[in-house]
Amino acid sequence: MMEYSRDLETPSVEITRPNESHWPAILTVLESANFHHIGGPEMETFPLEDCYIALVGGEVKGVGGYRILSDREAKTTLLAVDPSARRFRLGTRLQDARLAYMRSQGVRTVHTNTDDAKVIAWLGRRYRFFRTGQTVPKVADFGDPAVKEWTCMRMNFEDD
């Protein structure tokens, strides 16, 4: 049974760091976006210490990763939300958490790659990501199998 917040419409959502016990549920969420082939050529590793999970009623319903590349640059990695929980804005909550963390670490520029037109529009509208003009060919079945390349995007944090 799902636990609900006071307004009785939005379930209790917690954005937190995962531990090893969450790994099977994380893979299930990643599978919903065809991102579960960890250890393959598109995603060699997915360290738990470099991600956040969204718990809805105590169950893993979303995951968002990142990698800090240098003192000033980072990239977001996999972001996936269980289709049954998309109405709870988990993608936005996960994106906000990982961007806040990267910024707190001194990162000024964030890169990402995506193969989803809706995600491209969302990243631009909500987070000021822009297309770099570059694409990267996919090297394995990952994400949307109908799309054969990743669109490269970038955003810069505003000065405080």
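These lines cover the structure that appears in this document, whether it is placed above or below.

Reading guide: rules and limits
- Residues numbered from 1 in each chain as written.
- Predicted model: local features only at pLDDT ≥ 70, side-chain atom pairs only at ≥ 80, totals over all residues.
- Heavy atoms only, no water.
- Helix = DSSP H or I, 4+ residues; strand = E, 2+ residues; numbered from the N terminus.
- Rg over C-alpha atoms; globule rule 2.2 N^0.38 Å.
- Contact = heavy atoms within 4.5 Å.
- Pairing = 2+ DSSP bridges.
- Axes fitted to C-alpha atoms, helices over the stretch in contact; angles between N-to-C directions.
- Buried < 20%, exposed > 50% of the residue type's maximum accessible area, 1.4 Å probe, protein only.
- Core = buried A, V, L, I, M, F, W, Y, C linked by side-chain atoms within 4.5 Å.
- Parallel < 35°, antiparallel > 145°, perpendicular 65-115°, else oblique.
- Left-handed = near helix turned anticlockwise from the far one by under 90°.
- Nonpolar A, V, L, I, M, F, W, Y, C, P; charged D, E, K, R; others polar.
- Polar contact = N/O pair within 3.5 Å; in protein donor to acceptor, adjacent residues only side chain to side chain.

**Topic: the overall build of the protein**
When its secondary structure is counted, the protein shows 3 helices and 7 strands. Taken from N to C terminus, the helices and strands of the protein fall in the order β-α-β-β-β-α-β-α-β-β. Compactness check: the protein gives a C-alpha radius of gyration of 16 Å against a globular reference of 15 Å for 160 residues, within 12% of the reference. Taken along the three principal axes of its C-alpha coordinates, the protein extends 45 × 40 × 30 Å. Once local pairs closer than 6 in sequence are excluded, the contacts in the protein between residues at least 24 apart make up 63%.

**Overview of the sheet that holds strand β5 (residues 109-114)**
Strand order in the open sheet formed by 7 strands is β1-β2-β3-β4-β5-β7-β6, with mixed pairing between adjacent strands. Only two strands of the sheet have a single neighbouring strand rather than two, namely β1 (13-16) and β6 (130-137). Averaged over neighbouring strand pairs, the angle between their axes works out to 25° when direction is ignored. In this sheet, strand β4 (residues 73-81) lies alongside strand β3 (residues 59-68) in antiparallel orientation, the contact comprising 6 bridges. Considered in β4, the bridge of Ile68 is made with Ala74. Packed onto the sheet, helix α1 (residues 23-31) meets β2 (51-56), β3 and β4 and runs at close to 85° relative to β3.

**What to know about the pairing of β6**
Burial analysis of β6 places just 0 of its 8 residues in the buried class, a small minority of the element. In terms of strand pairing, β6 meets strand β7 (residues 149-156) through 5 bridges, oriented antiparallel. Bridge assignment links Phe130 to a residue of β7, and that residue is Arg154.

**Structural notes on the nonpolar core**
Counting residues in hydrophobic clusters, the biggest one holds 23 residues, and the most contacted among them are Leu90, Met102, Val110 and Phe129. Elements supplying a minimum of two residues to this core: β2, β4, α2 (90-104), α3 (117-127) and β7. Element by element, the count of residues in this core is highest for α2, at 5 residues. Residues Met43, Cys51, Leu55 and Phe142 belong to the second largest nonpolar core, which totals 16 residues.

**Quick notes on the packing of α2 against α3**
Between two packed helices, what matters for the description is the angle formed by their axes and the separation of those axes. The geometry of α2 relative to α3 is characterised by a closest axis approach of 13 Å and an angle of 60° between their N-to-C directions. By the angle between their directions, the pair α2 and α3 is classed as oblique. Judged by the twist between their axes, the crossing of α2 over α3 is right-handed. For the pair formed by α2 and α3, the contact residues are Gly91, Thr92, Gln95, Asp96 and Leu99 on the first element and Trp122, Leu123, Arg126 and Tyr127 on the second. Split into classes, the residues belonging to the contact of α2 with α3 amount to 4 nonpolar, 3 polar and 2 charged.

**Digging into the side chain of Asn34**
Mapped onto the fold, Asn34 is located in the loop between α1 and β2. Only 3.1 Å separates the side chain of Asn34 from the side chain of His37, close enough to count as a polar contact. Other than its neighbours up to four places away in sequence, Asn34 contacts Asp141, Phe142 and Gly143.

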